Amino acid sequence: MALAVAAFGIGTSEFIIMGLLPNLADSFKVSIPKAGALVTAYALSVTVGSPFVAMATAKLERKRALLILLGIFIFGNLACAVAPTYTLLFLARVLTALCHGAFFGIGSVVAANLVPRNQRAQAIALMFSGLTLANVLGVPAGTALGQAFGWRASFWAIVPIGVVAAAAISWLVPTQSSVTSRLIHEFRVLRNPRVLLVLAMSVLGSASLFCVFTYIAPTLETVTGVSPHGVTLVLLLFGVGITIGNLLGGALSDWRPMRFLIMSLVTLLVVLACLYFAEPYAVPMVAVVFVWGMLTFAAGTPLQARIVEQAATAPNLASTLNQGAFNLGNASGATLGGMLLTAGFSYRQLPIASGIVTSCMLALALLSVRLDRKHRVVLEAGELTAN
């Protein structure tokens, strides 16, 4: 639960920018696409910085490493709250993001070690429930707070969450030994093409989401005609959708993970087409946003399980790199959407671009299934030879 509180704070800090984009753009007199670069900066900082932060903290006792990372998180959000210029806010977001991937990578190991082996998946899921809950409560509440009292109030509100999380971890989480092997050796897992395909699908899945979601607030306000207060309610509904999708994906992924992933992606393509046509109409738009969030996160669940399965020899690095892949997708999707808007395309064209990215992810999923079959044939042939 202590780790879940920290995940809630980190998730709120990451995603709250989407609901505050119009406010930030007005405050600093920049365009919406330039304000969207704050999403890109955060995501790239996680992607590039996480492996290095993980290696830098590998020799530390894990509880101490988590507390140091939360210290960076608290200071980074303080810097965001007081940043006088867009450039300084940009740098503060980069600093805040440095703790993200490494925290979830180390936190997953800590959570797994706190419980018996047959409860490890549940413990990790409990920690990540804080990230999901951030979209249900943290982002809508933070968006409403920012719209009522200014965007800086949203970042001020995140700071005490970090303090409470640090106190809870300090009090409740026992000390755990550091990694015994050198993390750099775990990079050998990247020679496995099936691992690389999982990471690539994580990038594309996230890019598909953030190509649209980064600009969801201005889309709802300018295309759909939703009020700023209504945007908060839509974000709340989106958070409920991704929570249901996460739970649904977890339940169905144990059935046949790759088959479920492919079915989810095909359905997601249909939903993105519906999103294009629904944008000018409030009620259909709200309904489709709910289903879109649910399907997107349902499709991401089998990937989380698959990366652990395919990279069993390097769980620490795999967990950290998957967070990096997700955030690389955040940056790519936000950048793609910003480039399209800058080039003169409208908000309504963003679901089309998202559909193209989803189609690429579907192609990689089909390729992964093919590689799985070949791998099974090789294993079966080896067993026959041995017999």
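1. Some points on the overall build of the chain
So, step 1. On a plain count of helices and strands, the chain comes out with 14 helices and 0 strands.
So, step 2. Its helices and strands in sequence order give the chain the pattern α-α-α-α-α-α-α-α-α-α-α-α-α-α, from N to C terminus.
So, step 3. Expressed as a percentage of its 387 residues, the buried residues of the chain come to 55%.

2. What about helix α1 (residues 2–28)?
So, step 1. Between the first and last C-alpha of α1 there are 36 Å, a value that for 27 residues agrees with the 39 Å anticipated at 1.5 Å per step.
So, step 2. Of all the bends in α1, the largest measures some 70° and sits at L20, one to four residues before the proline P22.
So, step 3. For α1, the buried fraction is high: 23 of the 27 residues fall into the buried class.
So, step 4. Phi turns positive, to about 60°, at K29, one or two residues after α1.

3. Side note on the nonpolar core
So, step 1. F103, F213, L261 and W292 are the most contacted members of the largest nonpolar core, which totals 108 residues.
So, step 2. By residue number, the principal contributor to this core is α1, which donates 14 residues.
So, step 3. Apart from the residues within four sequence positions on either side, L261 is in contact with M201, A299, P302, L303, M361 and A365.

4. A closer look at the side chain of S154
So, step 1. For S154, the location among the structural elements is in helix α7 (residues 151–172).
So, step 2. With a relative accessible area of 1%, S154 lands in the buried category.
So, step 3. In this view, S154 contacts I16, L20, G142, L145 and G146; residues no more than four positions away in its chain are not counted.

5. Concerning the pattern of salt bridges
So, step 1. Throughout the structure, instances matching the rule amount to 1 salt bridge.
So, step 2. The closest approach of N and O atoms between R194 and D372, which form a salt bridge, is 3.1 Å. Of this pair, R194 sits in helix α8 (residues 193–213) while D372 sits in helix α14 (residues 350–386); the two residues are 178 residues apart in sequence, bridging distant segments of the chain.
So, step 3. Relative accessible area serves as the criterion here: at 14%, R194 is assigned to the buried category.

6. Focus on the packing of aromatic side chains
So, step 1. Per the counting criterion, the structure on display carries 12 aromatic pairs.
So, step 2. Ring centres of W151 and F155 lie 6.0 Å apart, and the angle between their planes is 85°; on these two criteria the pair is classed as edge-to-face. Of this pair, W151 and F155 both sit in helix α7, 4 residues apart, which is roughly one turn of the helix.
So, step 3. Judged by relative accessible area, W151 falls into the buried class, the value being 5%.
So, step 4. Through pairs of rings, three or more aromatic residues link up here, namely F15, F210, F213, F238, W292 and F326.
So, step 5. One cation-aromatic arrangement involves R348 over Y276; the distance from NZ or CZ to the ring centre is 4.4 Å.

7. Considerations on the side chain of S13
So, step 1. Structurally, the position occupied by S13 is in helix α1.
So, step 2. Judged by its relative accessible area of 0%, S13 is buried.
So, step 3. Beyond its immediate chain neighbours, meaning those up to four positions away, S13 contacts F73, N77, R93, T96 and I158.

8. Details of a nonpolar patch on the surface
So, step 1. Side chains of L133, L137, L233, L236, V240, I244, L248 and L252 sit close together on the surface and give an oily, nonpolar patch of about 600 Å² of accessible area.
So, step 2. Along the chain, L236 turns up in helix α10 (residues 228–253).
So, step 3. By relative accessible area, L236 is classed as partly exposed at 31%.

9. Quick notes on the packing of α1 against helix α9 (residues 216–224)
So, step 1. Running from amino to carboxyl end, α1 crosses α9 at an angle of 55°, the nearest separation of the two axes being 7 Å. Considering the angle they form, α1 stands oblique to α9. Residue-level contacts link M18, G19 and P22 of α1 to A217, P218 and E221 of α9.
So, step 2. Class assignment of the residues belonging to the contact of α1 with α9 gives a composition of 4 nonpolar, 1 polar and 1 charged.

10. Notes on helix α2 (residues 32–56)
So, step 1. Its 25 residues place the ends of α2 36 Å apart at the C-alpha level, agreeing with the 36 Å of an ideal helix rising 1.5 Å per residue.
So, step 2. Residue G49 marks the point of greatest curvature in α2, where the axis turns by about 45°; the proline P51 follows within four residues.

11. Here we look at the packing of α1 against helix α5 (residues 100–113)
So, step 1. The N-to-C vectors of α1 and α5 enclose an angle of 160°; their axes lie 11 Å apart at closest approach. By the angle between their directions, the pair α1 and α5 is classed as roughly antiparallel. Taken as a pair, α1 and α5 cross one another with a handedness that is left-handed. In this structure, α1 contributes L3, A6, A7, I10 and E14 to the contact, and α5 contributes H100, F103, F104, G107, V110 and A111.

12. A short note on a positive patch on the surface
So, step 1. There is a patch of like positive charges on the surface, built from R256, R259, R373 and R376.
So, step 2. Within the fold, R373 resides in helix α14.

What counts, and where the lines are drawn
Residues numbered from 1 in each chain as written. Predicted model: local features only at pLDDT ≥ 70, side-chain atom pairs only at ≥ 80, totals over all residues. Heavy atoms only, no water. Helix = DSSP H or I, 4+ residues; strand = E, 2+ residues; numbered from the N terminus. Buried < 20%, exposed > 50% of the residue type's maximum accessible area, 1.4 Å probe, protein only. Expected span 1.5 Å × (residues − 1). Bend = angle between axes of the 7 residues up to and from the residue. Core = buried A, V, L, I, M, F, W, Y, C linked by side-chain atoms within 4.5 Å. Contact = heavy atoms within 4.5 Å. Salt bridge = Lys/Arg side-chain N within 4 Å of Asp/Glu carboxyl O. Phe/Tyr/Trp six-rings, centres within 6.5 Å; stacked < 30°, edge-to-face > 60°. Lys NZ or Arg CZ within 6 Å of the ring centre and 35° of its normal. Patch = residues over 30% accessible without salt bridge, like charges linked within 9 Å, V, L, I, M, F, W, Y side chains within 5 Å. Areas by Shrake-Rupley, 256 points an atom, 1.4 Å probe, with all protein chains shown as cover. Axes fitted to C-alpha atoms, helices over the stretch in contact; angles between N-to-C directions. Parallel < 35°, antiparallel > 145°, perpendicular 65-115°, else oblique. Nonpolar A, V, L, I, M, F, W, Y, C, P; charged D, E, K, R; others polar. Left-handed = near helix turned anticlockwise from the far one by under 90°. Lys, Arg positive; Asp, Glu negative; His and termini not counted. Charge placed at Lys NZ, Arg CZ, Asp CG, Glu CD.

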